[in-house]
Amino acid sequence: MSDERYCLLHVGDLLLGVEVGRVQEVLGDVPVTPVPLADPSVTGLLNLRGRIVTAVDARARLGLPPREEGQGVANVVMTAGAETVSLVVDAEEDVADVDGLNCDQVPETVASTIRTFVTGCYQLDNRLLLVLDADRALTLTATT
Amino acid sequence: MDSNDAEIIELFLEESRENLDQFDRDLVALEAAPADTELLARVFRTVHTVKGTCGFLGFTKLEALSHAGEDLLGALRAGDVALDAGITSSLLTLGDRIRTVLDVVESTGTEADDDHAALIAELEGHLGPQHASAADAYPVPAPSAPAAGGQPPTRASENTVRVDVGVLDTLMDLVGELVLARNQIAEIAAVDDDGPLTLPYRQLRLATSELQEGVRQARLQPIGTVTSRFRRIVRDLAVGVGKQVRVEIEGEEVGVDKAINEALGDPLLHLVRNAVDHGIEAPADRVAAGKPAEGTVRISAMHSGGRVEIQVSDDGRGVDPARLVDRAVASGVLAPEAATALSERDALELMFHPGLSTKEEVTNLSGRGVGMDVVRSSLDQVGGSVEVTSEPGRGTLFRISVPLTLTIMPAVVIWCGGQRYAIPQIEVEEVVSLDAAQAAASVDDVAGARIYRLRGQLLPLVDLATQLGAPPPEGDGLTIAVVESASKRYGLIVDRVGDMTEMVVKPLTKATRGIPVFAGVTILGDGVPSLVLDGAGLATRAGITTPTAEPTGTVAAAGVENDPGLLVLSTPDGGRVAVELGRVQRLEHVPVASVERVGRREVLQYGDTILPLLRVEQVLSNGLEPAPDEAGAALPTVVCQSSAGLVGLVVGHVEDIVPTVATPIRGGGRRGVAGSVVVDDRVTELLDVEALIADLALDAGS
């Protein structure tokens with residue numbers, strides 16, 4: 001059931017979907033502590049009720065240009081393995097129900113940097129919803 | 001097996017394991033005092049109870065084994081057989097075997113298929129031919145009666161529960177959050193002194209403090225869980241090498257964090273093994289040297305200034321510094337010309353050098369490639385340290401110091417590139433601020449490497465901003481934190497140094513784990529995460545790879561070793577004072593709202609005690625009323641230890657930690673001031689905490 005409902009996330013011009021069940025909570029633009037020398041897509045660490053959460057920038061992960069100065073963000077907190085990770089997106093929208101829709105393959109013309117992190121897509125009314133492979137997007141190998 | 005049986009088995013396992021730990025200790029003690037009938041009765045009872053319960057549960061093979069043990073113990077009790085090392089060893093093996101079977105029972109629910117024939121034969125062999133099977137001839141001591149009757153054993157303690165450490169960690173996290181929320185509420189409550197929030201806030205404050213302390217306590221384990229097993233280990237080692245060694249263990253009740261306890265195990269094992277193997281001489285040699293044939297290994301633990309000190313000592317042959325030096329020179333660790341200048345203490349320190357200890361250990365020490373350098377580095381990892389003193393012919397003493405808990409440690413907050421970072425305070429020796437002229441005079445540039453001359457020593461400088469890729473600090477001056485970590489000593493250039501704080505170090509997240517310059521992450525008082533710097537990792541990244549040897553015999557080095565230093569404070573009106581760091585317990589920011597007045601005195605509810613507060617500025621100005629506090633402000637307070645208990649010194653700002661470089665100039669003349677010292681070219685008054693307390697008591701009495 002939960003597979004049928006997606007949390008809609010705006011990243012650049014893209015509309016991404018994450019299974020509703022995966023999303024623990026959505027925070028606004030909370031302060032993060034940058035981590036020098038870390039993977040460039042790590043925007044920093046944030047404190048979620050005493051738990052240290054890595055914030056991973058969706059734009060950087062997908063190879064999109066960085067956000068403009070002062071542009072707001074949303075932190076979509078999800079579990080990834082034993083840890084809690086936040087996916088930093090431009091904005092978070094409602095929940096969409098894709099019950100009865102077909103999951104299409106992502107056309108090969110879509111940039112491979114994006115395709116790597118997308119498992120399929122749904123045709124909503126006048127938009128295309130890309131289903132995000134959250135596990136892959138949130139799994140960063142430790143820098144050495 | 002029904003659930004009732006499962007429960008009985010669980011009780012059996014728990015009780016038997018507890019009894020077996022005692023069994024080991026008693027046996028070793030019994031060897032020293034064979035006439036102690038009480039010890040013997042207890043040892044007998046343990047085995048008897050195991051036998052009885054096994055019969056009840058149908059573990060026939062274990063029953064047969066413990067039966068053989070019981071026979072032997074019965075013969076000992078009756079005086080038919082005299083206890084010797086062979087019998088003790090067999091009985092200890094019996095204990096080990098029972099433990100092994102218990103582990104099997106725990107994982108499979110039934111005993112293993114082993115019939116223990118060899119061990120049974122060994123146990124029976126001690127009896128001699130006339131005692132074929134005489135178990136029934138020996139009456140059972142009273143306390144084990146229920147088990148003997150086939151009843152399930154009673155639980156050793158009805159008042160304890162086992163809790164997963166993860167649960168305690170989560171509780172600790174939540175308490176941290178609660179403290180942050182409480183601090184925010186404190187500010188709201190402070191706006192209106194008699195407002196509706198005042199009373200509930202006080203209750204919240206008290207409950208939070210007690211909860212915090214309770215959770216901290218819950219993580220503590222007696223250090224005996226690690227040290228007590230050395231009774232058995234030393235005994236086995238000594239028998240193995242044909243020596244007579246007595247063990248003395250003290251302070252087993254001292255509580256330390258579970259993580260520290262775990263980290264102590266291997267280093268202690270190594271030191272104890274060394275003591276038996278190399279320290280204690282063979283009995284004949286000892287007698288020839290005029291010492292008792294039996295050597296002594298002593299392990300003692302005690303609390304000492306917010307840390308735990310563990311001493312491992314032996315009365316053996318001691319370590320010959322000259323031999324260490326010879327070995328160091330032979331293996332190329334030490335230049336021959338440097339060897340002659342080495343003090344005895346520095347020579348002993350050589351044993352911790354990685355290039356030196358490992359090689360010989362591998363050949364001499366049952367093939368285990370663990371050297372003294374590993375002892376030091378594994379203690380380093382938990383913020384601990386180890387020092388050695390030795391007297392040839394008289395023995396060796398190792399002093400280990402570890403923090404009480406790994407999770408909470410004092411830290412220095414530093415700034416770099418607009419971000420805060422925390423460094424464990426134990427790694428920061430002192431902080432030096434240089435203005436442009438001083439920097440030009442004392443910092444040299446040697447082909448791109450900057451070196452600072454600190455009281456005649458050369459200190460390599462590491463620029464934190466460069467290492468982290470941050471913008472360089474502004475201004476011409478330099479702020480240098482002198483860092484010593486994993487024997488590497490260097491000056492860390494930072495933008496500025498902030499407050500001291502207590503931090504709870506958490507592990508880094510998966511994505512940030514591999515970065516060598518960070519040791520973890522902590523949440524600062526305002527709720528924002530801050531990275532914890534790894535002093536050793538930073539040094540390595542900056543290219544400092546070899547341990548920096550302390551120069552021998554200099555005043556500065558000696559001062560740093562023996563003297564924790566001075567905490568330099570500024571008063572709200574701009575004066576500078578210092579207190580001995582050894583007295584300082586904590587630094588607190590006390591919300592003005594939580595200060596209460598009792599007569600003329602100001603006090604603070606602090607944990608479950610009342611902490612008297614002293615305004616340093618008022619003391620120094622001979623009682624002049626200080627400027628009123630701003631509502632909602634927090635008073636920086638240094639909590640000091642004195643002979644009359646704790647006292648809180650309200651100060652303006654914590655400036656610096658410096659080593660005591662000179663004896664204070666006595667005769668300040670004023671009450672509460674012990675004298676003056678010169679710190680960073682400025683006269684700083686050293687507070688006399690004892691005198692301040694005495695005045696306070698007089699004040700209260702009048």
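Look up a bit, the structure's there.
Note that the coordinates shown come from a computational prediction; the quantities given were computed from them, not determined experimentally.

Here the focus is the overall build of chain B. A count of helical and extended segments in chain B gives 23 helices and 29 strands. Evaluated residue by residue, chain B yields a buried proportion of 47% over its 702 residues. By sequence separation, contacts in chain B at least 24 residues apart represent 67% of the contacts at least 6 residues apart. Carbon and sulfur atoms make up 53% of the accessible area of chain B, which amounts to about 32400 Å² in all.

Further remarks concern the sheet that holds strand β10 (residues 428–434) of chain B. Residue and element names in this part refer to chain B. Taken in spatial order, the 6 strands of this open sheet run β10-β14-β15-β13-β12-β11, and their pairing is mixed. The open sheet has two edge strands with one neighbour each: β10 and β11 (443–446). Across the sheet, the axes of successive neighbouring strands diverge by a mean angle of 35°, strand direction being ignored. Direction of pairing for strand β14 (residues 478–485) relative to strand β15 (residues 488–494): antiparallel, over a ladder of 7 bridges.

Our focus in this paragraph is the pattern of salt bridges. Within this structure, the stated rule accounts for 41 salt bridges over all chains. Across the pair R49 of chain A and E25 of chain A runs a salt bridge whose closest N-O atoms are separated by 2.7 Å. Taken together, the residues span a long stretch of sequence, with R49 of chain A in the loop between β4 (42–48) and β5 (51–57) and E25 of chain A in strand β3 (residues 23–27) at a distance of 24 residues. Among the ionic pairs, R583 of chain B bridges to E580 of chain B, the shortest N-O distance being 3.7 Å. In this structure E580 of chain B comes out as partly exposed when scored by relative accessible area, which is 34%. One network of salt bridges, with partners in common, ties together D21, D24, E31, D96, R99, R232, R235 and D236 of chain B.

Quick look at the pairing of β4 of chain A now. A regular strand carries its side chains on alternate faces of the sheet. Residue and element names in this part refer to chain A. Counted residue by residue, β4 has 6 buried out of 7 residues, so it is predominantly covered. The pairing of β4 with β5 spans 6 bridges and is antiparallel. Along β5, the bridge assignment pairs L48 with R51.

Residues and elements named next belong to chain A. In space, the 5 strands of this open sheet follow the order β8-β1-β2-β10-β9, with mixed pairing throughout. In this open sheet, the two edge strands, each paired with only one partner strand, are β8 (91–97) and β9 (118–123). The sheet shows a mean angle of 35° between the axes of neighbouring strands, direction not considered. Pairing analysis gives 2 bridges linking strand β2 (residues 14–19) to strand β10 (residues 128–132), with the strands arranged parallel. Following the sheet pairing, L16 is matched in β10 by L130.

Before going further, it helps to spend a moment on the pairing of strand β22 (residues 595–598) of chain B. In this structure, β22 of chain B lies alongside strand β23 (residues 601–606) of chain B, joined through 4 bridges in antiparallel fashion. For E596 of chain B, the partnering residue across the bridge sits in β23 of chain B and is V603 of chain B.

Here we come to helix α7 (residues 165–191) of chain B. Spanning 27 residues, α7 of chain B covers 40 Å between terminal C-alpha atoms, matching the ideal 39 Å at 1.5 Å per step. The backbone nitrogen of G166 of chain B has a side-chain oxygen 2.6 Å away, supplied by the residue at the start of α7 of chain B, namely D164 of chain B.

Let's shift gears to the packing of helix α11 (residues 258–279) of chain B against helix α17 (residues 372–381) of chain B. Residue and element names in this part refer to chain B. At a minimum axis distance of 9 Å, the contact between α11 and α17 shows a crossing angle of 150°. If you check the angle between α11 and α17, you find them roughly antiparallel. As α11 runs across α17, the sense of the crossing is left-handed. Residues L264, P267, H270, L271 and N274 of α11 touch α17, and the partners they reach there are M372, V375, S378 and L379. When grouped by side-chain class, the residues that make up the contact of α11 with α17 number 6 nonpolar, 3 polar and no charged.

This next bit is on the interface of chain B and chain A. Each partner contributes to the interface: chain B provides 26 residues, whereas chain A provides 19 residues. Surface buried jointly by chain B and chain A totals about 2000 Å² across both partners, of which 66% is contributed by carbon and sulfur atoms. The three residues of chain B that bury the most area against chain A are T509, A511 and P529 of chain B, which together make up 26% of that side's buried surface. Inspection of the chain B/chain A interface yields 1 salt bridge.

Cut-offs and rules
Residues numbered from 1 in each chain as written. Chains lettered and ligands numbered in written order. Predicted model: local features only at pLDDT ≥ 70, side-chain atom pairs only at ≥ 80, totals over all residues. Heavy atoms only, no water. Helix = DSSP H or I, 4+ residues; strand = E, 2+ residues; numbered from the N terminus. Buried < 20%, exposed > 50% of the residue type's maximum accessible area, 1.4 Å probe, protein only. Contact = heavy atoms within 4.5 Å. Areas by Shrake-Rupley, 256 points an atom, 1.4 Å probe, with all protein chains shown as cover. Pairing = 2+ DSSP bridges. Axes fitted to C-alpha atoms, helices over the stretch in contact; angles between N-to-C directions. Salt bridge = Lys/Arg side-chain N within 4 Å of Asp/Glu carboxyl O. Expected span 1.5 Å × (residues − 1). Polar contact = N/O pair within 3.5 Å; in protein donor to acceptor, adjacent residues only side chain to side chain. Parallel < 35°, antiparallel > 145°, perpendicular 65-115°, else oblique. Left-handed = near helix turned anticlockwise from the far one by under 90°. Nonpolar A, V, L, I, M, F, W, Y, C, P; charged D, E, K, R; others polar. Buried area = accessible area lost by both parts, 1.4 Å probe.

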